[in-house]
Amino acid sequence: MSPGGASVEGVVLCTAAGHRFAVLAREVTTVEPPDDAAPWAGRGFEPGAPRPDGGRLLRHEELGLLVDALEVHGEAVPVLPVPALLSGAGLRGFVEAAGHLWPVVSLRALVARLG
């Protein structure tokens, strides 16, 4: 992905603790049932929020991240660049899908941050 005009085919739209984010589908090796050992993405948004009973586990090789819900969006979508003000926030860009703007994050970086 390069800023301005790049597009990506396949994003995984995730929700956790009422918040939304996207990861590139190519970063997800498998989607599995919940695993109590994996970090929950919601902790990064709402530290005191209770971990959900269900959810889905995104795997990137050996790493896992629990999300409340997910939807795979397979169509190509343009990647909007990260504004300079947010460039140090670890964002890869933004995509518009399912009627919303979704920040795109690195699954590996998010797991490392929450782990």
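As a reminder, the structure under discussion sits directly above these lines.
Please read all numbers here as calculations on a predicted model, not as lab measurements.

How each quantity is defined
Residues numbered from 1 in each chain as written. Predicted model: local features only at pLDDT ≥ 70, side-chain atom pairs only at ≥ 80, totals over all residues. Heavy atoms only, no water. Pairing = 2+ DSSP bridges. Helix = DSSP H or I, 4+ residues; strand = E, 2+ residues; numbered from the N terminus. Axes fitted to C-alpha atoms, helices over the stretch in contact; angles between N-to-C directions. Contact = heavy atoms within 4.5 Å. Core = buried A, V, L, I, M, F, W, Y, C linked by side-chain atoms within 4.5 Å. Buried < 20%, exposed > 50% of the residue type's maximum accessible area, 1.4 Å probe, protein only. Polar contact = N/O pair within 3.5 Å; in protein donor to acceptor, adjacent residues only side chain to side chain.

Novice: Is there a simple way to explain the pairing of strand β7 (residues 91–97) in this structure?
Specialist: Regular strands have side chains that alternate between both faces of the sheet. Sheet topology places β7 next to strand β8 (residues 100–105); six bridges connect them, and they run antiparallel. Each bridged residue has a counterpart across the sheet, and for Phe94 the counterpart in β8 is Pro103. Between β7 and β8, which pair antiparallel one after the other, the connecting turn spans two residues, and Ala98 there sits at a positive phi close to 55 degrees.

Novice: In this structure, what is going on with the sheet that holds strand β4 (residues 56–60)? I would like to understand it.
Specialist: Adjacent strands of a sheet pair through backbone hydrogen bonds, lying either parallel or antiparallel. The three strands lie next to each other as β3-β4-β5, forming an open sheet whose pairing is antiparallel. Only two strands of the sheet have a single neighbouring strand rather than two, namely β3 (30–32) and β5 (63–67). Sheet twist, expressed as the mean angle between neighbouring strand axes with direction ignored, is 25 degrees. Relative to β4, β3 runs antiparallel, the two being bridged by three bridges. The residue bridging Val31 from the neighbouring strand is Leu58, located in β4. Across the sheet, helix α1 (residues 107–114) lies against β4 and β5, angled at about 85 degrees from β5, the strand it touches most.

Novice: Is there a simple way to think about the nonpolar core in this case?
Specialist: Membership of the largest hydrophobic core comes to 17 residues, with the highest contact counts inside it found for Phe21, Val23, Leu58, Leu65, Val67 and Leu107. Every element with two or more residues in this core is listed here: β1 (7–16), β2 (19–24), β5 and α1. In terms of residues, this core owes the most to one element, α1, which gives four residues. In this structure, Leu58 is in contact with Val12, Cys14, Val23, Val28, Thr30, Val31, Leu63, Gly64, Leu65, Val67, Leu70 and Leu107, ignoring residues within four places of it in sequence.

Novice: Explanation requested: the side chain of Glu27 in the structure shown.
Specialist: Within the secondary structure, Glu27 sits in the loop between β2 and β3. Classification of Glu27 by relative accessible area gives buried; the value is 8%. Among the polar contacts listed, one links the side chain of Glu27 to the backbone nitrogen of Leu107, at a separation of 2.7 Å. What Glu27 contacts, discounting residues up to four positions off in sequence, is Arg59, His60, Arg92, Val105, Ser106, Leu107 and Arg108.

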